[in-house]
Amino acid sequence: MDVKKPASQENLNGNESESQISHLALDIGGSLIKVVYFLRSNGSGGSVDDSGKKSDPVLEGRLHFAKFETSKIIDCLEFIRSKNLHLAGFRHHDASANDKTLIKATGGGAYKFADLIKEKLGVVLDKEDEMDCLVTGANFLLKAVHQEAFTYVDGQKEFLQIDQNDLYPYLLVNIGSGVSMIKVDGDGKFERISGTSVGGGTFWGLGRLLTNCKSFDELLELSHQGNNRVIDMLVGDIYGGSEYSKIGLTSTNIASSFGKAISDNKELKDYKPEDVARSLLRMISNNIGQISYLNALRFGLKRIFFAGFFIRGHAYTMDTISVAVSFWSKGDAKAMFLRHEGFLGALGAFVSYENHGLGGLKTHQSVQQFAVSETYAGKKMCCLVNEDLNDNESIDFGVAFAA
Ligand SMILES: Nc1ncnc2c1ncn2[C@@H]1O[C@H](COP(=O)(O)OP(=O)(O)O)[C@@H](O)[C@H]1O
Ligand SMILES: CC(C)(COP(=O)(O)O)[C@@H](O)C(=O)NCCC(=O)O
């Protein structure tokens, strides 16, 4: 598709200066809206290639991440408007002057809220397929971002060196509101092999009803303090304190999640909310870990990457998933996690701008100091990740714009 230059370079009048704003991409999920936008550093835009010759202009800047609850979409739109990010889209070359700016978006909300966004921001969403975006985002992170993937064993994070030549195939498990399991065989080569409706939305929804927590983080924090053995029925509870070693179960293995609640003769109010939260988190994480491993086994996949905002970098969640994968695979398979766990879809949508000749992701000599420089989708790019990335973080980045 032919494109005109980014609208951001035509008509800006707000917080971020015209020279700074570049691309904006959205992933509007069942629970959260993820926003990724690139702001170029002042003065960036050199155009010298490796041999010192003139080439495509390279913009250096930072990739920014933000998220909002989907139920508070108006706050998100206000954020975008306040920063003038909605002016950072693109237009069809053949578009009439009245035609709207297009913004890349994915997730179910790109359909559900298209009219609202058009009304509030005056932009049209250019929709990208959610599964495509998840895979593109995962491949992008695994190839380009230093220290993106890690294992979590016995409370220790161990960062992985990803071998570009030995990345595929892998299983991507995205734990959002629901869970998608995708076998990834290469760039754009994937199959969604399974899914489950028992996911992050289930944890937050049931948790809210059972504990009266007012926020997801409060529920996570509660679970941190709780003891699941108060409510879960353990093998030892059934076997009089002994293990059932013949089938590989120790006395402390959970035999039945929430199983004690049937025999305790107690009401919900008699349990501590923190114990309920802990049992719930454990039940859902364990279940996802187990289903993931069974799907990995179906296709002979040894590596399973877990993503989605359900994980939230939470130690107990990652530990439970890791233990489940290790337990069911008898140590054969490994659970791996991603630092930008919740932003795969939005990053995938962001990367898709390059299909329109806008902002192909590409590194340049001038950004050589960055930690990783790899080929992605036939182009070179690189990123430097700060030590402690979390919610509203950013990545230093080099982007080449088609002239
Ligand atoms: N601040 C939050 N508010 C609501 N849910 C959150 C929050 N942080 C993490 N979560 C968890 O993340 C899940 C959504 O993950 P996400 O990957 O964004 O999926 P989706 O695309 O379906 O919104 C929620 O269902 C919940 O379990
Ligand atoms: C429908 C979805 C792809 C939507 O993505 P989400 O907003 O949950 O990230 C996801 O919720 C899902 O895969 N649910 C599981 C449906 C199933 O396979 O049973």
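Keep in mind the model is a prediction, meaning the values are calculated, not measured. (Residues numbered from 1 in each chain as written. Chains lettered and ligands numbered in written order. Predicted model: local features only at pLDDT ≥ 70, side-chain atom pairs only at ≥ 80, totals over all residues. Heavy atoms only, no water.)

## Side note on the site of ligand 1
Then comes step 1: In the vicinity of ligand 1 lie 17 residues, with S31, L32, K34, S177 and G200 positioned nearest.
Then comes step 2: At a separation of 2.9 Å, an oxygen atom of ligand 1 approaches a polar backbone atom of S31.
Then comes step 3: One of the side-chain nitrogen or oxygen atoms of K34 is found 2.7 Å away from an oxygen atom of ligand 1.
Then comes step 4: Isolated, ligand 1 exposes 570 Å² of accessible area, and the fraction of that covered by the protein chains is 92%.
Then comes step 5: When each cavity is represented as a set of grid points, ligand 1 is found to reside in the largest pocket.
Then comes step 6: Elements that contribute at least two residues to the shell around ligand 1 include exactly β2 (32–40) and α5 (200–211).
Then comes step 7: The element contributing the most residues to the shell around ligand 1 is α5, with three residues.
Then comes step 8: Tallied by class, residues from the shell around ligand 1 come to six nonpolar, eight polar and three charged.
Then comes step 9: Per-domain counts for the shell around ligand 1 show at least three residues from each of domain 1 (7–129 + 344–400) and domain 2 (149–227 + 273–338). (Near = heavy atom within 4 Å. Polar contact = N/O pair within 3.5 Å; in protein donor to acceptor, adjacent residues only side chain to side chain. Areas by Shrake-Rupley, 256 points an atom, 1.4 Å probe, with all protein chains shown as cover. 1 Å grid on protein atoms, 1.4 Å probe; cavity = no way out; pocket = protein on both sides within 12 Å on 5 of 7 lines; lining within 4 Å. Sits in = over half its atoms within 2 Å of the grid points. Helix = DSSP H or I, 4+ residues; strand = E, 2+ residues; numbered from the N terminus. Nonpolar A, V, L, I, M, F, W, Y, C, P; charged D, E, K, R; others polar. Domains from an automatic or database assignment.)

## Re the sheet that holds strand β10 (residues 179–186)
Then comes step 1: In space, the seven strands of this open sheet follow the order β8-β7-β15-β14-β9-β10-β11, with mixed pairing throughout. Edge strands, defined here as strands with exactly one partner in the open sheet, are β8 (156–159) and β11 (189–196). Strand-to-strand twist across the sheet, computed as the mean angle between neighbouring axes with direction ignored, equals 30 degrees.
Then comes step 2: Taken together, the four bridges between strand β9 (residues 170–175) and strand β14 (residues 303–307) define a ladder with parallel strand orientation. Within β14, the residue paired with N174 across the bridge is A307. (Pairing = 2+ DSSP bridges. Axes fitted to C-alpha atoms, helices over the stretch in contact; angles between N-to-C directions.)

## Observations concerning the pairing of β14
Then comes step 1: With four of five residues buried, β14 is to be regarded as a mostly interior element.
Then comes step 2: Looking at chain direction, β14 and strand β15 (residues 334–338) are connected through four bridges and run parallel. Looking across to β15, one finds that F306 is bridged to F337.
Then comes step 3: Chirality of the crossover, the property in question, places the unit of β14, helix α9 (residues 315–328) and β15 among those that are right-handed. (Buried < 20%, exposed > 50% of the residue type's maximum accessible area, 1.4 Å probe, protein only. Right-handed = clockwise from strand over helix to strand, strands pointing away.)

## A few points about the packing of helix α6 (residues 216–225) against helix α8 (residues 273–298)
Then comes step 1: One can describe the packing of α6 onto α8 by two numbers: an axis separation of 7 Å at closest approach and a directional angle of 95 degrees. Our classification of the angle between α6 and α8 gives roughly perpendicular. Residue-level contacts link L219, L220, L222, S223, H224 and Q225 of α6 to P273, E274, A277, R278 and L281 of α8.
Then comes step 2: When grouped by side-chain class, the residues that make up the contact of α6 with α8 number six nonpolar, three polar and two charged. (Parallel < 35°, antiparallel > 145°, perpendicular 65-115°, else oblique. Contact = heavy atoms within 4.5 Å.)

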